[in-house]
Amino acid sequence: MTGTAHLNTGAEGVAGGVGLTALMVAAARAIETHRHDSLARDVYAEHFVLAAPASAGWPVRPRQVEDGDANPLWGRFARYFGLRTRVLDDFLLRSVHEGGARQVVLLGAGLDSRAFRLDWPTGRVIFEIDQEEVLAFKHQVLGGLSATPKAARVTVPIDLRADWAGALTGAGFDPAAPTVWLAEGLLFYLPGTAETYLIDTVHRLSAGGSALAYEVKLEKNLLDYRDSPLYTATKHQIGIDLLNLFDGEPRPDSAGDLGSKGWSTSVHTPFDFTHRHGCGPLPEPNDALEGNRWVFADKPRR
Ligand code: SAM
C-alpha cells in the first residue's frame, strides 16, 4: 500500500463525503431502536444524529418517518441496517463468547457503539479504525453523554487506504491473540487494491481461531440500479449519492482469496436473515440490495 494517513476522504468528518454515511446508519439504528419489532437497540445512535449539523432534521424515531415502512430510505433501507446490526452483533458476541476471540477490530467503525452497548467478557479489547475526524466527532458526543465502554477501547485514526496495519499494531493489537474482525458497510467505498490489502492484512494478523465478517456488493455494474428507489431516495432526502461514493472499479474475489488462504467462508444474502428473524427487507424489483452479500469467515486453529 502507498499513501499516508490523510488521503483524499476530505477532512469533513461526518459533515460530508463518506463520513456522512456513518450518520445515515446511526439514524437508521436510532429508528430501529424504537420500533415495536426492533431487532437491535442502540441508545447512543440518536445522539450522534442530533449533534451533527449535517443531519439536522433527520428522523430518529419511527413516528418521524413520513410514509413509515413505505419510505425507501428510512423504511426499507433503515430496516436493512437494523437487520445488519443485529446479525453482526450476534456474530461478534458468538466469536468472543464461544469462539474465544480476545480482540475485536471494527474496520470503518464509524458511529458503531458496540463497545458501549454490548456485554463483552472481561479482558477483551476493542479497536476502532476510521478517519480521524469521524472518531473525533464520536469522542465528543460520547464524552458529552459520559458514556463508559464495557471493554477496553482503543481508537485508531487512520485512512484505510493507507498502511493501517502498522497503526493497529502500534496501538497495542496482538497478532498472537485470536481476533474477530468486522468490515460493516465499508468495502464498497474502498478501491479494490485497498480491499485486497485489507484481506491480506487480516489474514497476516490473525492467529488461528480468528473470525471475520464483511459486506460486499456483487453487482457487475452498480449503475444499472441508479433509478432504484433506495438510491434515489437517499440522494433526494438526505443528499447522499451512494453511487458516487462507491468505488466503481471491478471488485476482488475476497471470499475466494480467503478460501485459498485456508479460511472457511460462508456467503449469505441479507434476505436469508430476514427469513431467519422474521423481520427485515425482502427482494423487490430494481433492487439496490440485490448484490449485497454478508460474508463470514473462520481461520482454522492449527
Ligand atoms: N461500520 C459502521 C456502521 O456500520 O455503523 C460505519 C459504516 S459507514 C456506512 C462507512 C464508514 O467507513 C464511515 O465511518 C467512513 O468514515 C469509513 N470509511 C470509508 N472509507 C474509509 C477510509 N478510506 N478510511 C477510513 N475510514 C473509511
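Small disclaimer: the values here were computed from a predicted structure and weren't measured.

(A) Representation of the overall build of the protein chain. Per the secondary structure count, the protein chain includes 11 helices and seven strands. C-alpha atoms of the protein chain, sized along the principal axes, occupy 50 × 45 × 40 Å. A fraction of 78% describes how many contacts in the protein chain between residues 6 or more apart in sequence connect residues 24 or more apart. With an accessible surface of roughly 12,600 Å², the protein chain has 51% of that area assigned to carbon and sulfur atoms. Looking at the protein chain, you have 30 positive and 37 negative side-chain charges, and the mean spots of the two groups are 5 Å apart.

(B) Broad picture of the site of the ligand. Among the 22 residues in the neighbourhood of the ligand, the closest are listed as Arg29, Gly108, Asp130, Gln131 and Leu160. For the ligand, whose unbound accessible area comes to 590 Å², protein coverage reaches 98%. Among the elements that take part in the shell around the ligand, helix H1 (residues 20-33) stands out by supplying four residues, more than any other. Residue composition of the shell around the ligand, grouped by class: 10 nonpolar, six polar and six charged.

(C) Spotlight on the packing of aromatic side chains. Applying the stated criterion to the full structure yields 18 aromatic pairs. Taken together, a centroid distance of 5.7 Å and an interplanar angle of 50° make the contact between tryptophan 58 and tryptophan 74 tilted. You can see tryptophan 58 sitting in the loop between helix H2 (45-51) and helix H3 (72-97) and its partner tryptophan 74 sitting in helix H3, a full 16 residues away along the chain. One exposure class covers both tryptophan 58 and tryptophan 74, and it is buried. By the ring-pair criterion, three or more aromatic residues cluster together here, those being Phe77, Tyr80, Phe81, Phe91, Phe273, Trp294 and Phe296.

(D) Structural detail: the pairing of strand E3 (residues 152-157). Inspection of the sheet shows strand E2 (residues 125-130) paired to E3 by six bridges, in the parallel sense. Along E3, the bridge assignment pairs glutamate 128 with threonine 155. In this view, the connection linking E2 to its parallel neighbour E3 by way of helix H5 (residues 132-144) has right-handed handedness.

(E) View of the pattern of salt bridges. Throughout the structure, instances matching the rule amount to 26 salt bridges. Note that arginine 79 and aspartate 37 form a salt bridge whose closest N and O atoms lie 3.1 Å from each other. In this pair, arginine 79 is assigned in helix H3 and aspartate 37 in the loop between H1 and H2, connecting sequence segments 42 residues apart. Overall, arginine 79 belongs to the buried group, its relative accessible area being 12%. Accessibility expressed as a relative area gives 25% for aspartate 37, which makes it partly exposed. Here aspartate 241 and lysine 235 are joined by a salt bridge, their closest N and O atoms 3.9 Å apart. Given the relative accessible area of 29%, aspartate 241 is considered partly exposed. Residue class for lysine 235 comes out partly exposed when judged on its relative accessible area of 41%.

(F) Focus on the side chain of glutamate 219. As for its position among the elements, glutamate 219 is in the loop between strand E5 (211-217) and helix H8 (229-238). Classification of glutamate 219 as buried rests on a relative accessible area of 12%. Among the polar contacts made by the side chain of glutamate 219, one reaches the side chain of lysine 217 at a distance of 3.3 Å. A polar contact is formed between the side chain of glutamate 219 and the backbone nitrogen of glycine 291, at a distance of 3.2 Å.

Criteria and thresholds
- What you see as residue numbers is a count from 1 along each chain, following the sequence as written.
- In keeping with the model being predicted, local features are shown solely for residues with a pLDDT of at least 70 and side-chain atom pairs are shown and tallied solely at 80 or more, while totals for entire chains, interfaces and linings include all residues.
- The side-chain values count all of the structure's non-hydrogen atoms but skip hydrogen atoms and water molecules.
- Each helix is a run of DSSP H or I of at least 4 residues and each strand a run of E of at least 2, with the numbering of both proceeding from the N terminus.
- Note on contacts: a residue pair qualifies if any of its non-hydrogen atoms lie within 4.5 Å across the two residues.
- Residue-level accessible areas treat just the shown protein chains as cover; the underlying method is Shrake-Rupley with a 1.4 Å probe.
- Residues scored as positive are Lys and Arg, those scored as negative are Asp and Glu, and His as well as the terminal groups of each chain are ignored.
- Here the site of a charge means atom NZ of a Lys, CZ of an Arg, CG of an Asp or CD of a Glu.
- Being near a molecule or strand, for a residue, means having at least one of its heavy atoms within 4 Å of it.
- Gly falls in the polar group here, along with every residue not listed as nonpolar (Ala, Val, Leu, Ile, Met, Phe, Trp, Tyr, Cys, Pro) or charged (Asp, Glu, Lys, Arg).
- Pairing of aromatic side chains requires ring centres within 6.5 Å, counting the rings of Phe and Tyr and the six-membered ring of Trp. Pairs whose planes differ by under 30 degrees are stacked, by over 60 edge-to-face, and all others tilted.
- With a 1.4 Å probe rolled over the protein chains alone, any residue whose accessible area is under 20% of its type maximum counts as buried; one over 50% counts as exposed, and the rest are partly exposed.
- Strands pair, by our definition, only if DSSP identifies at least two bridges between them.
- With the strands pointing away from the viewer, any crossover whose connection runs clockwise from the first strand over the helix to the second is right-handed.
- Definition used for salt bridges: Asp or Glu carboxyl oxygen within 4 Å of a side-chain nitrogen of Lys or Arg.
- The term polar contact refers here to a pair of N or O atoms within 3.5 Å; inside protein, the definition further demands a hydrogen-donor-capable atom paired with an acceptor-capable atom, and it admits residues adjacent in sequence only when both atoms are side-chain atoms.

Purely geometric numbers; function is a separate question.
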